[in-house]
Amino acid sequence: MVKRKVIIDTDPGQDDAVAILLALASPEEIEVLGITVVAGNVPLDLTVKNSLTICELAGAFDMPVYAGCHKPLQRRLITAEHVHGKTGLDGPSLPEPKMQIQAEHAVDFIINTLRAETNKTVTLCPLGPLTNIASAFLKAPDIIEKVQQIVLMGGAYFEVGNITPTAEFNIYVDPEAADIVFKSNLDITVLPLDVTHKALVTKARNDAFRALGTPVGVAVAQMTDFFERFDKEKYGSAGAPLHDPCVTAYLINPDLFVGRHINVMVETASELTMGMTVADWWGVTDRPKNALFIGDLDSEGFFKLLTERLARL
Ligand code: RIB
Ligand code: CA
């Protein structure tokens, strides 16, 4: 497995937190060049604070964290406190972070990093609304061809929406940004609700986190204990869906996942279906196959990997 250089773009969020922890626990496969933060689950000041908190929890005190866009490209910000709590990281009580954010804006960090690194050696891993990524592409179109791959959590098809009847939250918050990313002609792997709703933190899996007995293991158990309420109530799920950690696990072991290369487009016109990812799963159009759309995973293997790696922190 070749070690990947990645930029994690995130809106923590408990599931973002677990995705970041898994990445920081996996230096053999992932070199995190920096964490760029976007408004999404909660406003930017809180997603920034949560990102710093998570880095400190992992002991990654030198990880550069960059504040990014505080609102979508064109729309007002929609947040998800109803899922993640007022702080965005409800569950554990973690100390106020002492780490400082970098002075550079997240969008400029993305641009400057892609310009500085060797072409096609940096993977972008968006875990929230795609505002930072699209803003970087708009500000510096020359960087688009320098991106190795985009591996993102977002969208839904057979699983349909979690914030509207048709749209998944990350895409819905900034559909114009998502449209730019999906039309970028880059190699995109999509981890949609179709697969993340199969990565559920059952009680046994939550107990395994807690049984690690470490500050990270206990905090992850407390995060997922809190985070599961929304999905249990709405879907009758067996536990919290670990949406964003599917991105990190895919980078570590893509064989845990199964998908199909298809066309995916984003609805940006109709308010009724705004932010829907229209996935041509059955190939009924001749639209370009612009995304690997993941539909399934080996959930036992996923949780085994996650728990083993969290034990390292
Ligand atoms: O719809 C799930 C996605 O929205 C996850 O990334 C979660 O963190 C929220 O950002
Ligand atoms: Ca997220």
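Scroll up to find the structure.
Residues numbered from 1 in each chain as written. Chains lettered and ligands numbered in written order. Predicted model: local features only at pLDDT ≥ 70, side-chain atom pairs only at ≥ 80, totals over all residues. Heavy atoms only, no water.

K.L.:
Which residues make up the overall build of the protein chain, and what values do they have?
P.N.:
Within the protein chain one finds 12 helices and 12 strands. For the protein chain, the C-alpha atoms occupy an extent of roughly 50 × 45 × 40 Å along the three principal directions. Out of the 313 residues belonging to the protein chain, those deemed buried represent 62%. Excluding contacts between residues fewer than 6 apart, the proportion of contacts in the protein chain whose partners are at least 24 apart in sequence is 83%. Summed over all atoms, the accessible surface of the protein chain reaches about 12,100 Å², with 54% contributed by carbon and sulfur. On the protein chain, the mean spot of the 27 positive side-chain charges and the mean spot of the 40 negative ones are 1 Å from each other. (Helix = DSSP H or I, 4+ residues; strand = E, 2+ residues; numbered from the N terminus. Buried < 20%, exposed > 50% of the residue type's maximum accessible area, 1.4 Å probe, protein only. Contact = heavy atoms within 4.5 Å. Areas by Shrake-Rupley, 256 points an atom, 1.4 Å probe, with all protein chains shown as cover. Lys, Arg positive; Asp, Glu negative; His and termini not counted. Charge placed at Lys NZ, Arg CZ, Asp CG, Glu CD.)

K.L.:
I'd like a description of the site of ligand 1, backed by residues and values.
P.N.:
Contacts to ligand 1 come from 13 residues, most closely from Asp-15, Leu-127, Glu-168, Asn-170 and Asp-244. In the environment of ligand 1, an oxygen atom lies 2.8 Å from a nitrogen or oxygen atom belonging to the side chain of Asn-162. In isolation ligand 1 has 270 Å² of accessible area, and contact with the protein removes 98% of it. Of all the secondary-structure elements, those providing two or more residues to the shell around ligand 1 are helix 1 (14–24) and helix 6 (169–173). (Near = heavy atom within 4 Å. Polar contact = N/O pair within 3.5 Å; in protein donor to acceptor, adjacent residues only side chain to side chain.)

K.L.:
I'd like a description of the packing of aromatic side chains, backed by residues and values.
P.N.:
Per the stated rule, a full pass over the model turns up 8 aromatic pairs. A centroid spacing of 6.4 Å and a plane angle of 40 degrees characterise the contact between Phe-209 and Phe-303, whose relative ring orientation is tilted. Separated by 94 residues along the polypeptide, Phe-209 in helix 9 (residues 203–211) and Phe-303 in helix 12 (residues 299–310) bring together distant segments of the chain. Residue Phe-209 is classed as buried on the basis of its relative accessible area of 0%. Here the aromatic residues Tyr-157, Phe-158, Trp-281, Trp-282 and Phe-293 are joined through ring pairs into a cluster of three or more. (Phe/Tyr/Trp six-rings, centres within 6.5 Å; stacked < 30°, edge-to-face > 60°.)

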